[in-house]
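Chain by chain, the residues run as shown.
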Amino acid sequence: MRADVAVIDLRLRRRALLSYVVGMVLYALVIVVLYPQFKGVTSLDQLTKNGSTVAALFGATGSLTSPSGWLDANIYENFLPLIILLITVGYGASCIAGQDEDGTLSLAAILPISRRAVVLQKVGALTVQALLLAIATMGCVLVGRQFDLSFPITHLAGLSLGVALLGVDFGLCAIAVGSITGSRGTALGVTAALAATSYLVSSLAPVIEWIRPARYASLFYWSVGNQQLADGLSLASVGVLISVGALSTLTAVAGFRRLDLH
Amino acid sequence: MTVVVSAEKLSKTFGSHRGVEGLEFTVAEGEIFGFLGPNGSGKSTTIRLLTGLSHPTSGTAKVFGLDPIVDAVEIHRRVGYLPGELALHPRLTGQRHVDFAAKVRDMQDRTFLRELVERFQVDLERPTRTLSKGNRQKIGILLAVMHRPELVILDEPTSGLDPLMQDEFERLMRELVSSGTTVFLSSHELDEVQRVATRVAIIKDGHLVVTDTVEALRRRAPRTIEFSFPRTVDPKHFASIQGVHVVASNGKRITLALRGAVAPVLRVAADLDPLDVVARPADLDELFLTYYRDQSAEEHDDAR
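The structure displayed is predicted, hence computed values, not measured ones. (Residues numbered from 1 in each chain as written. Chains lettered and ligands numbered in written order. Predicted model: local features only at pLDDT ≥ 70, side-chain atom pairs only at ≥ 80, totals over all residues.)

**A word on the overall build of chain A**
Basically, it comes down to this: In DSSP terms, a helix is any run of H or I states spanning at least four residues, a strand is any run of E spanning at least two, and both are numbered starting from the N terminus. Computation of the radius of gyration draws on C-alpha atoms alone. For the globule rule, the value is 2.2 Å times the number of residues to the power 0.38. Comment: burial labels come from other C-beta atoms within 10 Å of the residue's own C-beta, placed from the backbone, where a count of 20 or more is buried, 12 or fewer is exposed, and between is partly exposed. In this description, a residue-residue contact is defined by the distance between C-beta atoms placed from the backbone, which must lie within 7 Å.
A tally of helices and strands in chain A yields 11 helices and zero strands. Taken from N to C terminus, the helices and strands of chain A fall in the order α-α-α-α-α-α-α-α-α-α-α. In summary, chain A has a C-alpha radius of gyration of 19 Å against a globular reference of 18 Å for 262 residues, a match within 12%. Projected onto its principal axes, the C-alpha positions of chain A cover 60 × 40 × 30 Å. Burial status across chain A gives 52% buried among its 262 residues. For chain A, contacts bridging at least 24 residues in sequence account for 77% of all contacts bridging at least 6.

Here is the structure:
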């Protein structure tokens, strides 16, 4: 399949994407370099002791001084998902609905390429953006092995895949909502609300009993919220994340086929 | 006659808003079909239905006998389209736009493209946000015709072009047609359409009010007669004559649109001792305005 539409979209976003990658790389490097100074600070674990709800809200549960706890609390359960979602949800809302609103979508829609192919190419561009950030961050975290951060590389690779799929899934949600409604604002609003709810459910599930059953409905739980760095990304998680993505893609294709373009 | 474009009872509504209703027309191979109407009359909506960008509420449109929605890929391969409000990616150069379209269209031979770039002096090197409207429009023209499509659909194509480029564009349209291309030309510029089109459809408030050849329309079009008098004259003297419409009156000067014999007008005018009379041949401008006036009058009468 050709990738001309995806290439144009990536070219349009390359500056923003590069800025996010550089920023995330610098942040991740600072976190891993700081670890030796904090690994012996046992008082840090007091923050999450007894199931602190406030700490859970910021994505911190369990030990903060263990390698996996340090990386989860500072990168993988909050900051990296936030940055990836900013990129993927922003792109998802703009690549169909946004481009239709500003009129540029017709440049591609009038060419001999099916609407299904247009959506699939945009899904490809979305995936590239999420993977790029996840892999760049993973590279920085691997540097952390020189700074006392020990963890199985396969678990880090699984967690990186999980966080990339998390971004892709919410980006696809934005594409789907945008394809159905034709409204960038609606796509952003609906997806941001779903992502925020999903984050809260996954973060608070370990400390609030009545929320615990709902964690299975949270994509954060399946991607980054279930100690994936310590235990690895399960096949079930991969299955859920890919299934949700596939369902969103089908919805986006169906919606875009019905959408009246400007 | 091979029909390239056809519409049958084609309608599109947007919620409670009217788009177009019950459109019926055909466009034959190798003709320039003028699609005339003022802003908001439904021209762009019709074009979006023909190009498959928008879905009809009812009725059917066919392009090359194909359905614009179901067979969009095949139709788009054979069609070039210039939208009325061309939107380009502001940060990309014209060259990027052209390369993108050429790749998707799998264009191997770019000789004609290079000819067009030179002929229209298109600036492809700068980001499109730095270009004037006219220069962006030239890129839109390239994108619409560079692959030598069998059908070109143009929505207000000369918008923003200077007079020299407008002339060049007219020549290009004639050349395309002489090589077998069909042109669907939507515009509110009556002069432009009547200069190049072989047939014309006039749309108002989403309804077609007339479809015919330019020559037939011209024959039916009213002539314009302008009288100058030495004193103030009541235009009612002329308004009561059958086939006459008073277009303008400032007391001593009266302009009439006339359909039918001129003798009754001259008899009335002679009694009023005119100083001068100027008669102009019929043109589509006046016909176009006449259709609007007639409809407005009918609506006014209906309301009463």
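**Observations regarding the overall build of chain B**
Looking only at helices and strands, one finds 11 helices and 13 strands in chain B. The dimensions of chain B, computed from C-alpha atoms along their principal axes, are 75 × 40 × 35 Å. Per-residue burial over chain B gives 39% buried out of 304 residues. For chain B, the share of sequence-separated contacts (at least 6 apart) that also reach a separation of at least 24 residues comes to 70%.

**Digging into the domain arrangement of chain B**
Often the size quoted for an interface is simply the accessible area lost on bringing the parts together. Applicable threshold: For every domain, the bounds stem from an assignment made automatically or drawn from a database.
The domain boundaries assigned to chain B delineate domain 1 (3-217) and domain 2 (222-281). The distance between the C-alpha centroids of domain 1 of chain B and domain 2 of chain B comes to 41 Å.

**Some words on the nonpolar core**
For clarity, the threshold we go by: Linking buried Ala, Val, Leu, Ile, Met, Phe, Trp, Tyr and Cys residues through C-beta atoms within 7 Å yields a set, and such a set is a nonpolar core.
Among the nonpolar cores identified, the biggest contains 142 residues, and Ile84 of chain A together with Phe184 of chain B are the most heavily contacted of them. Take this core: its biggest share by element is 16 residues, from helix α7 (residues 153-181) of chain A. If you look at the next biggest cluster of nonpolar residues, it comprises 11 residues, including Ile225, Val244, Ile254 and Ala269 of chain B.

**A closer look at unusual backbone geometry**
Residues and elements named next belong to chain B. For Lys9, which is not a glycine, the phi torsion comes out positive at approximately 50°. With respect to the helices, strands and loops of the structure, Lys9 is situated in strand β1 (residues 3-14). Its identity is not glycine, yet Glu156 carries a phi of approximately 50°, on the positive side. Structurally, Glu156 can be placed in the loop between β6 (151-155) and α6 (163-178).

**Overview of the confidence of the model for chain B**
Residues and elements named next belong to chain B. Selection criterion: The predictor reports its confidence for every residue as pLDDT, a score running from 0 up to 100.
Overall, the predicted model of chain B reaches an average pLDDT of 90, with 94% of residues at or above 70. With pLDDT under 50 throughout, residues 299-304 is counted as low confidence; its partners more than four residues away or in other chains account for zero contacts. If you check the scores for this complex, the pTM reads 0.87 and the ipTM reads 0.87.

**What about the sheet that holds strand β9 (residues 207-213) of chain B?**
Residue and element names in this part refer to chain B. This is how it is decided: When DSSP finds at least two bridges between two strands, those strands are taken to pair. Axes here mean lines fitted to C-alpha atoms, for a helix over just the part in contact, with angles spanning 0 to 180 degrees between N-to-C directions.
The sheet built from six strands is open, its strands ordered β5-β6-β7-β3-β8-β9 with mixed pairing. A single partner strand is all that each edge strand has here, and the edge strands are β5 (79-82) and β9. With direction set aside, neighbouring strand axes in the sheet form an average angle of 15°. Where strand β3 (residues 32-36) lies against strand β8 (residues 199-204), four bridges are found, and the strand directions are parallel. Bridge assignment links Phe33 to a residue of β8, and that residue is Arg199. Helix-sheet contacts for helix α5 (residues 133-145) involve β5 and β6, and the interaxial angle to β5 is about 165°.

**Quick look at the pairing of β9 of chain B**
All names here are of chain B. Sheet analysis places β8 next to β9, joined by six bridges and oriented antiparallel. Paired with Ile202 across the bridge in β9 is Val210. Hairpin connection from β8 to β9: two residues lie between these consecutive antiparallel strands, with Asp205 at a positive phi of about 50°.

**What about the sheet that holds β1 of chain B?**
Backbone hydrogen bonds hold the strands of a sheet together, and the pairing may be parallel or antiparallel. Residue and element names in this part refer to chain B. Pairing is antiparallel in the open sheet, where three strands are placed in the order β2-β1-β4. Two strands close off the open sheet at either side, each with one partner strand: β2 (17-28) and β4 (58-63). Neighbouring strand axes in the sheet, compared pairwise and without regard to direction, differ in orientation by 20° on average.

**Remarks on helix α4 (residues 79-101) of chain A**
Heads up, the condition is: By this rule the span expected of a helix is its residue count minus one, scaled by 1.5 Å.
Its 23 residues give α4 of chain A an end-to-end C-alpha distance of 31 Å, which sits within 8% of 33 Å, the value for a rise of 1.5 Å per residue. Among the 23 residues of α4 of chain A, 19 are classified as buried, and the element is accordingly described as predominantly covered.

**Overview of the interface of chain A and chain B**
Rule in force here: Ten residue types, Ala, Val, Leu, Ile, Met, Phe, Trp, Tyr, Cys and Pro, are classed as nonpolar, four, Asp, Glu, Lys and Arg, as charged, and the remainder, Gly among them, as polar.
At the interface, 18 residues of chain A touch 20 residues of chain B. At the level of elements, α1 (4-38) and α5 (105-109) of chain A are the ones that each hand at least two residues to the side of chain A that touches chain B. Taken together, the residues of the side of chain A that touches chain B break down into nine nonpolar, four polar and five charged.

**Here we look at the environment of Leu92 of chain B**
Residues and elements named next belong to chain B. Mapped onto the elements, Leu92 comes out in the loop between β5 and α3 (94-104). Sequence separation between Leu92 and Pro274 is 182 residues, and the spatial gap between their C-alpha atoms is 63 Å. In this structure, Leu92 is in contact with His97, Pro127 and Thr128, ignoring residues within four places of it in sequence.

**With respect to the packing of α1 of chain A against α4 of chain A**
Residue and element names in this part refer to chain A. Operational definition: We call two directions roughly parallel when the angle between them is under 35 degrees, roughly antiparallel when it is over 145, roughly perpendicular when it lies between 65 and 115, and oblique otherwise.
Between α1 and α4, the least distance of the axes is 11 Å, while the angle of their chain directions is 170°. Taken as axis vectors, α1 and α4 run roughly antiparallel relative to one another. Of the residues in α4, those in contact with Asp9, Arg13, Leu17, Tyr20, Met24 and Tyr27 of α1 are Phe79, Leu80, Ile83, Ile87, Tyr91 and Cys95. Residue composition of the contact of α1 with α4, by class: 10 nonpolar, no polar and two charged.

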